[in-house]
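Structure assessment
Chain by chain, the residues:
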Amino acid sequence: MKFLSDKAVERLRAAGDEPDLTGTRYRLLERVARGGMGVVYAAQDEKLERRIALKVLDEPRDDDVLANRERESRLLRESRVLARLEHPGIVPVHDAGTLSDGRIFYAMKFVQGQRLDEIIETVKPAPDRLRLFLRICDAVGFAHARGVLHRDLKPANVMVGPFGEVLVMDWGLAKILPDNAESEPRAAPGSQSLANNASDAPQDAGSTQTRDSTLTGDGSVMGTPGYMSPEQARGEVRLLDARSDIFSLGALLHFLLEGAEANGSTQRPRPLTAICAKAMAERPDNRYKAVSELAADVSRYLDGQPVSAYRENMFERAGRFYRRHQVAILLIATYLIMRALLLFYPRS
Amino acid sequence: MNKVLLGVLLGAVLGAVDGATAWFTPEVRAMLVGIIFGSTIKGLIAGLAAGIFARKVNSVPLGILFGLAVGFALAFLVAYLQHGHYFAILLPGSIVGLIVGYATQRYGAAPATAGR
């Protein structure tokens, strides 16, 4: 009797898990990544002749019908959340539907780039990292303006493209804020049963790698430790608002700056430490009220202006003034020195 | 403040200060007012030219070069008319032009792009 090797078994399992794209306009190319809910594949859109990414839900588990429906509704909701967020910093959704094997999928832009945590070593100067951070803030701020919280912001969920473009990924945990719930996309009449299910489900988008809970009512904890806010870690889902994402952005900023320091940059400037501390304050009331406020403080720091999170002393103010107007000050100093030297210049 | 106004004001102030340093030269102290006036006008013209240039060209190196050239040209004219003191007039005049050229590029509001 001959046994199959582990590798062979793994290959067989992967082949068995491959989605059946019969009847769709997509042709499967390769498996890209695996999440908690499903798998992301690269596929070819035969109609438009372009490469896209397909997120396909895992095969249903026979033992738990409710959990399967919940997962279906989450994936569908995630696609709908993404569909309402049309922004250059958020991956666009092209299509969603059900495959012939019954699995839910959605098609999105195939993002060519690297995860922030993988690429960050190549971005050494701290100002470049801060500019990357501002682009992330831009996308998250846009989502907040549309009433959507990400709830799982972390370096692994940010992709950086070859031209420095930033895409915030994995909105599987996104939450639609109550004020915007009415405008939340719902299933079309007559669509599949899972769509009806989706409208009954809690107002969050889905679940991927980092979470295993099936409900997100109060008491459920979903997110990534180290990046989720204290209130999110306590499972106080109803209390979550933009300030919870601001905490995660603060942790992300901390990550970016930590990397810059490890690369030999000097000690972290106090204003940036203060910005991190304010964004990551224990109490939401002590954090920035909006992402735009956080981004404005980082921009001010980059422009050599005072930041709202830090009150500087006279010497720090003078130092900042000097750094900001270094060339002008040096030119004037040169002029004065030259003038002083000319006093001793022999005149005939 | 727009770039032309910044250039004119900065050029005038630096020109006046530059002229006032003539006080340290006893033999020309009697003509101090005339020197300050002439130097102010010189700085003002350099500032105006640098300000207009900055509105048209957005480049710090080119702005510096332009300011330096204008400052040098005006200072040379003054020195030529005085038949002397070339070094003492050309050097500070050129540096004033350079400073104004830099400042008009780096500071001051750029003209808004008009749209209908």
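Our subject is the structure that appears above.
This section reports on the structure supplied with the text. As the structure is a computational prediction, the values presented were derived from the model and not from experiment. (Residues numbered from 1 in each chain as written. Chains lettered and ligands numbered in written order. Predicted model: local features only at pLDDT ≥ 70, side-chain atom pairs only at ≥ 80, totals over all residues. Heavy atoms only, no water.)

A separate point is the overall build of chain A. Of regular secondary structure, chain A possesses 11 helices and 10 strands. The burial tally for chain A puts 48% of its 348 residues in the buried class. Considering only intrachain contacts with a sequence separation of at least 6, the fraction spanning at least 24 residues in chain A is 61%. Put simply, chain A shows about 18000 Å² of open surface, and 54% of that area lies on carbon and sulfur atoms. (Helix = DSSP H or I, 4+ residues; strand = E, 2+ residues; numbered from the N terminus. Buried < 20%, exposed > 50% of the residue type's maximum accessible area, 1.4 Å probe, protein only. Contact = heavy atoms within 4.5 Å. Areas by Shrake-Rupley, 256 points an atom, 1.4 Å probe, with all protein chains shown as cover.)

Let's shift gears to the overall build of chain B. Along the backbone of chain B there are 4 helices and 0 strands. From first element to last, N terminus to C terminus, chain B shows the α and β order α-α-α-α. Rg of the C-alpha trace for chain B: 15 Å, near the compact-globule value of 13 Å for 116 residues, within the 12% margin. Along the first, second and third principal axes, the C-alpha set of chain B runs to 60 × 20 × 20 Å. Within chain B, contacts between residues at least 6 apart in sequence are counted, and of these 70% link residues at least 24 apart. Roughly 6300 Å² of accessible area belongs to chain B as shown, and the carbon and sulfur atoms make up 74% of that amount. (Rg over C-alpha atoms; globule rule 2.2 N^0.38 Å.)

Another point: the side chain of Glu78(A). Relative to the helices and strands, Glu78(A) resides in helix H2 (residues 65-83). Of the polar contacts made by the side chain of Glu78(A), one reaches the side chain of Tyr106(A); its length is 2.8 Å. (Polar contact = N/O pair within 3.5 Å; in protein donor to acceptor, adjacent residues only side chain to side chain.)

Now for the interface of chain A and chain B. Contacts between chain A and chain B engage 14 residues on the former and 19 residues on the latter. Summed over both partners, the interface of chain A with chain B comes to about 1500 Å²; 72% of that surface belongs to carbon and sulfur atoms. Where chain A meets chain B, there are 1 salt bridge. The closest approach of N and O atoms between Arg339(A) and Asp18(B), which form a salt bridge, is 2.6 Å. At the surface where chain A touches chain B, the tally comes to 5 residue pairs in polar contact (both at pLDDT 80 or more). Ranked by residues supplied to the side of chain A that touches chain B, first place goes to helix H11 (residues 326-343) of chain A with 9 residues. Partitioned by chemical class, the residues of the side of chain A that touches chain B number 9 nonpolar, 2 polar and 3 charged. (Buried area = accessible area lost by both parts, 1.4 Å probe. Salt bridge = Lys/Arg side-chain N within 4 Å of Asp/Glu carboxyl O. Nonpolar A, V, L, I, M, F, W, Y, C, P; charged D, E, K, R; others polar.)

All names here are of chain A. Within the open sheet, the 3 strands sit side by side as E6-E8-E9. Their pairing is antiparallel. The open sheet is flanked by strand E6 (114-115) and strand E9 (166-168), the only strands paired with a single partner. Across 2 bridges, E6 lies against strand E8 (residues 158-160) in antiparallel orientation. The residue of E8 that forms the bridge with Arg 115 is Met 159. Across the sheet, helix H4 (residues 126-145) touches E8 and E9, and the angle it forms with E9 is around 40 degrees. (Pairing = 2+ DSSP bridges. Axes fitted to C-alpha atoms, helices over the stretch in contact; angles between N-to-C directions.)

All names here are of chain B. Where nonpolar side chains cluster on the molecular surface, the patch consists of Phe 72, Phe 76, Leu 77, Tyr 80, Leu 81 and Tyr 86 and spans about 630 Å² of accessible area. Looking at the nonpolar patch element by element, the count peaks at 5 residues for helix H3 (residues 60-82). Tracing the backbone shows Leu 77 in helix H3. For Leu 77, a relative accessible area of 48% puts it in the partly exposed group. (Patch = residues over 30% accessible without salt bridge, like charges linked within 9 Å, V, L, I, M, F, W, Y side chains within 5 Å.)

Note: most peptide bonds trans; most residues except glycine with negative phi. One non-glycine residue, Glu49(A), adopts positive backbone phi at about 55 degrees. One can find Glu49(A) in the loop between strand E2 (38-45) and strand E3 (50-57).

Moving on: the side chain of Asp245(A). Residue and element names in this part refer to chain A. In this fold, Asp 245 is placed in helix H7 (residues 242-262). Put simply, Asp 245 is tucked away with no salt bridge, and the nearest opposite charge, on Arg 151, sits 7.0 Å away. Apart from residues lying up to four places away in sequence, Asp 245 is in contact with Val 140, His 144, Leu 149, His 150, Arg 151 and Leu 153. (Lys, Arg positive; Asp, Glu negative; His and termini not counted.)

Residues and elements named next belong to chain A. The strand order across the open sheet built from 5 strands is E1-E2-E3-E5-E4, with neighbouring strands paired in antiparallel fashion. Here the strands that pair on one side only, and so sit at the sheet edges, are strand E1 (26-34) and strand E4 (93-98). Each neighbouring strand pair of the sheet contributes to a mean axis angle of 25 degrees, computed without reference to strand direction. In this structure, E2 lies alongside E3, joined through 8 bridges in antiparallel fashion.

In this section: the pattern of salt bridges. Note that side chains of opposite charge can pair when their charged atoms are close. All names here are of chain A. Counted under the stated rule, the structure contains 18 salt bridges over all chains. Here Arg 243 and Asp 285 are joined by a salt bridge, their closest N and O atoms 2.9 Å apart. With a gap of 42 residues between them, Arg 243 in helix H7 and Asp 285 in the loop between helix H8 (270-279) and helix H9 (291-302) connect regions that are remote in the sequence. By relative accessible area, which is 44% here, Asp 285 ends up partly exposed. For Arg 283, the salt bridge identified is with Asp 285, shortest N-O distance 3.3 Å. Taking relative accessible area as the criterion, Arg 283 reaches 49% and is therefore assigned partly exposed. Connected through shared salt-bridge partners, Asp 241, Arg 243, Arg 283 and Asp 285 make up one network.

Attention now moves to the packing of H4(A) against H9(A). Residues and elements named next belong to chain A. For the pair H4 and H9, interaxial distance at closest approach is 9 Å and the crossing angle is 160 degrees. One element, H4, and the other, H9, form an angle in the roughly antiparallel class. Of the two possible hands of crossing, H4 and H9 adopt the one that is left-handed. Across from Pro 127, Leu 130, Arg 131, Phe 133, Leu 134, Cys 137, Val 140, Gly 141 and His 144 in H4, the residues of H9 making contact are Val 291, Leu 294, Ala 295, Val 298, Ser 299, Tyr 301 and Leu 302. Here the residues of the contact of H4 with H9 are counted per class, giving 12 nonpolar, 3 polar and 1 charged. (Parallel < 35°, antiparallel > 145°, perpendicular 65-115°, else oblique. Left-handed = near helix turned anticlockwise from the far one by under 90°.)

Moving on, we get to H11(A). It helps to recall that an α-helix has 3.6 residues per turn; residues three or four apart then point in one direction. With 18 residues, H11(A) extends 26 Å from end C-alpha to end C-alpha; this agrees with the ideal 26 Å at 1.5 Å per step. In this structure, the buried residues of H11(A) make contact with helix H1 (3-20) and helix H4 (86-106) of chain B. (Expected span 1.5 Å × (residues − 1).)

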